[in-house]
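# Topology and contacts: notes
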Amino acid sequence: MSATITPADASETDTAPAPAHRLRRFARPAAALLSGFVLYLSFPPRPLWWLAPPAFALLGWALRGRRLRAGFGLGYLAGLGFLLPLLVWTGEEVGPGPWLALAAVEALFVAAAGLGVAAVSRLPWWPFFAAGVWILAEGARARVPFGGFPWGKIAFGQADGVFLPLAAVGGTPLLGFAVALCGFGLYEAARLFRSRRARGDLDAAAPGATVPDTTAAAPAPDATVPGDTAPTPDATSAPSPAPGPRRTGALPRGPLVAAALAVLLPVTGALAALPLVDDSAEDGTATVAAVQGNVPRLGLDFNAQRRAVLDNHAARTRELARAVQEKREPQPDFVLWPENSSDIDPYANADAADVIDEAVRAIGAPTVIGAVIAPETGKLRNTLIQWEPGRGPVATYDKRHVQPFGEYIPMRPLVRIFNSNVDRVSRDFGPGGKIGVFDLAGTKVGLATCYEAAFDWAVRDTVTHGAQLITVPSNNATFGRSEMTYQQLAMSRVRAVEHSRSVVVPVTSGVSAVIRPDGEVVAETRMFTPDVLVETVPLRSSQTPATRMGTLPEALLAALAAAGLGWSALRPVRARRTRTE
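Keep in mind that what you see is a predicted model, and the values were worked out from it rather than measured. Every chain begins its residue count from 1, and numbering advances along the sequence as written. Owing to the predicted nature of the model, reporting of local features is limited to residues with pLDDT of at least 70; listing and counting of side-chain atom pairs is limited to 80 or more, with chain, interface and lining totals taken over all residues. The basis for every side-chain value is the complete set of non-hydrogen atoms in the structure, without hydrogens or water.

Quick look at empty space enclosed by the protein now. Using protein atoms alone on a 1 Å grid, points that fit a 1.4 Å probe yet trap it form a cavity, whereas open point sets bounded by protein on both sides within 12 Å along at least five of seven lines form a pocket; residues with an atom within 4 Å of a point count as lining. Grid points are joined across faces, edges and corners, and a volume is the space filled by probe spheres set on the points. Tallying each qualifying case throughout the model produces 3 cavities of 30 Å³ or more. There is about 60 Å³ of room inside the largest cavity. If you trace the largest cavity, you find it lined by Phe-82, Phe-109, Val-110, Ala-113, Trp-134, Ala-137, Glu-138, Arg-141 and Gly-152. Take the lining of the largest cavity: its biggest share by element is 4 residues, from helix H7 (residues 126-141). Under this grouping Gly is polar, as are all residues other than the nonpolar Ala, Val, Leu, Ile, Met, Phe, Trp, Tyr, Cys and Pro and the charged Asp, Glu, Lys and Arg. For the lining of the largest cavity, the class distribution of residues is 6 nonpolar, 1 polar and 2 charged. Partitioning the lining of the second largest cavity into residue classes produces 8 nonpolar, 3 polar and no charged. Segments assigned H or I by DSSP are reported as helices when at least four residues long, segments assigned E as strands when at least two residues long, and all are numbered from the N terminus.

Put into structure tokens, the structure is as follows:
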């Protein structure tokens, strides 16, 4: 008979996790949340575009080797860390409810990206697949629900960045892919460097020793998220090949090459694309005036004084006419008013039409007027009107992508239960169906109204239909002095490079701006001040590769993501077959 003596505190030692271990459980969730916040910091108005790759590097550390469930949860935390501060302006006048709901829903797409990144992170060359997965999730977010919400695409934070020329090659999808790829590549390079150092330390301690080669396989998780366990061979995690002996201090070439290319390809690609960033005047120049009339007060009720908004823009236009007569300003070839610069329907209100016509006659140039058209029946129209001096309105463009929950209310009875502000939109706006290109004094001007600037198709098809210059008339008064207007301005800067066109952004309350085809802002206003910008800009008609290829680059990147996801799904199946054989 024998007895085993157990120390009194043995059970406590085995069951009670050490404080350090408890903290490590939350390391990856904290890193995911922080990566999202750092990504937010890379967006305007801060000129910190360079924070985006480190944000993806941190996200790569949090996600690599995780189970799919953990990848989804970590991705959701990253999405909240990114979108909650980025979209805070959506609650500027209606309270936190809509803001929190929007961020919570949109973060689901980032969660899906996190799941996908976790899945492909076990593959060779995983940074490439992971960047493709991110773009696939962005593409989905730009399309559903209710037509999508592309706000916060990684490309829109890179207007000042070194990667910007890639927008002319493959549009916003390629630009965003390059940023994500560089970030994931930075993490992989750092991981390999750390592994090399660890092997070197072992070699110094025990010369001639061998250690397992794990650099090409998924790492054994050194920390878990709550509810997660280390990956084991199952339907979601492929078993790593049995490690073989390897001399210490040596690393396999495959992972090193993948990490190096993931970092270097985006940078060299951007440098190679620099010749596509061209602001020369292929079709001459045009002198354009952008009018910022300002609004009587901030917030949702700014249009309660609709006549004041119209009068402000008419007054600024007449002041410009006097400045032209006095030779203080050049005569503009055409004038651009913002979206909603006349919330009074000039077709139904003769006094509003007279005010507009007087201002247009005074300046003596075709003018684009942003108006709300209210037919007797049916939905409202957010319309841009081409108003010619002496002729009046000659052409119109109805905004094609109206904003859900802003210009129309989906599921109104249900939404009203949660927020009574929906009834401020008492009559829904309807979408137009015609591409907007006006011929203004011989210049083909493409039209993308406010929110439409976020959508690739809404800007591109104006250029494919002959636009030599793009205008983005906007109304940001609803969102006060928030970051929203600067985020939107950055979109227009990216669009300028993407399609090699000058872009003019007239805004009711600012920031209005004139942007050259290389993305440079040559003139801008301050917020909530009346002003007029008059600039001579180059006109161009050639098309960039991004314009010509359209959605092809995005489709190829989505195919890359699908290939990676398919490969990761098949690996466990093949591994089980190998074991049974």
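Only the contacting stretch of a helix is used when fitting its axis, a line to C-alpha atoms as for every element, and angles between N-to-C directions run 0 to 180 degrees. Interaxial distance between helix H10 (residues 306-325) and helix H11 (residues 350-363) falls to 8 Å at its minimum, and their mutual angle equals 15 degrees. When the axis of H10 is compared with that of H11, the two are roughly parallel. Here the hand of the crossing between H10 and H11 comes out left-handed. Between H10 and H11, the contacting residues are Arg-307, Leu-310, Asp-311, Ala-314, Thr-317, Arg-318, Leu-320, Ala-321 and Val-324 on the first element and Asp-351, Ala-352, Val-355, Ile-356, Glu-358, Ala-359, Ala-362 and Ile-363 on the second. Angle categories are assigned with fixed cut-offs, so that under 35 degrees is roughly parallel, over 145 is roughly antiparallel, 65 to 115 is roughly perpendicular, and the rest are oblique. Each crossing gets its handedness from the near helix: less than a right angle anticlockwise from the far helix is left-handed, clockwise is right-handed. In what follows, residue pairs with any heavy atoms lying within 4.5 Å of each other are defined as contacts.

Tracing the sequence through the fold places Pro-45 in the loop between helix H3 (27-41) and helix H4 (52-63). Distance from Pro-45 to Tyr-486, taken between C-alpha atoms, is 5.6 Å for residues 441 residues apart in sequence. Among all residues touching Pro-45, those that are not within four sequence positions of it are Glu-483 and Tyr-486.

With that out of the way, let us pick up H10. By this rule, a helix spans an expected 1.5 Å times one less than how many residues it contains. Over its 20 residues, H10 extends 29 Å from the first C-alpha to the last, a length consistent with the 28 Å expected when each residue adds 1.5 Å. We call a residue buried when its accessible area falls under 20% of the maximum for its residue type, exposed when it is over 50%, and partly exposed in between, using a 1.4 Å probe and counting protein chains only. When we look at burial in H10, the residues that qualify are Val-309, Leu-310, His-313, Ala-314, Ala-315, Arg-316, Thr-317, Leu-320, Ala-321, Ala-323 and Val-324. The inward-facing, buried residues of H10 contact strand S3 (285-292), H11 and strand S14 (531-538).

We now examine the packing of aromatic side chains. Any two of the Phe, Tyr and Trp rings considered here, Trp counted by its six-membered ring, make a pair once their centres fall within 6.5 Å; the pair's planes then place it as stacked at under 30 degrees, edge-to-face at over 60, or tilted in between. Applying the stated rule across the entire model yields 16 aromatic pairs. Ring centres of Trp-126 and Phe-184 lie 5.8 Å apart, and the angle between their planes is 55 degrees; on these two criteria the pair is classed as tilted. Within this pair, whereas Trp-126 is found in helix H7, its partner Phe-184 is found in helix H8 (residues 167-205), the two being separated by 58 residues in sequence. Across the pair, Phe-184 and Trp-126 agree in class, each one buried. Ring centres of Phe-455 and Trp-457 lie 6.1 Å apart, and the angle between their planes is 50 degrees; this geometry places the pair in the tilted category.

Another point: the confidence of the model for the protein chain. Of all residues in the protein chain, 85% attain a pLDDT of 70 or more, and the chain-wide mean is 88. The predictor rates its confidence in each residue with pLDDT, a number between 0 and 100. Low pLDDT (under 50) marks residues 213-227, which in the prediction has 50 contacts with non-local residues, meaning those over four places away or in another chain. This model gives residues 299-304 a pLDDT under 50, and the stretch forms 18 contacts once residues within four places in sequence are excluded.

Once that is clear, we can look at the pattern of salt bridges. The term salt bridge refers to a pairing of a side-chain nitrogen on Lys or Arg with a carboxyl oxygen on Asp or Glu at a separation within 4 Å. By the definition in use, this model includes 22 salt bridges. Here Arg-141 makes a salt bridge to Glu-106, at a shortest N to O gap of 3.6 Å. Highlighted residues: Arg-141 in helix H7 and Glu-106 in helix H6 (residues 96-120), separated in sequence by 35 residues. Here Arg-141 and Glu-106 have matching classes, each one buried. A salt bridge links Arg-381 to Asp-398, with the shortest nitrogen-to-oxygen separation between them at 3.9 Å. Within this pair, whereas Arg-381 is found in strand S6 (residues 381-388), its partner Asp-398 is found in strand S7 (residues 392-398), the two being separated by 17 residues in sequence.

Time to look at the sheet that holds strand S11 (residues 502-505). DSSP calls a pair of strands paired once it identifies at least 2 bridges connecting them. In spatial order, the strands read S8-S9-S10-S11-S12-S13; together these 6 strands make up an open sheet with mixed pairing. Because the sheet does not close on itself, it has two edges, and the strands there are strand S8 (437-440) and strand S13 (521-524). Sheet twist, expressed as the average angle between the axes of neighbouring strands with direction ignored, equals 20 degrees. Where strand S10 (residues 469-471) meets S11, 3 bridges bridge the pair, whose relative direction is parallel. Residue pairing across strands places Thr-471 opposite Val-504, the latter belonging to S11. Helix H14 (residues 484-499) rests against S11, strand S12 (513-515) and S13 of the sheet, and its axis sits at about 20 degrees to S12.

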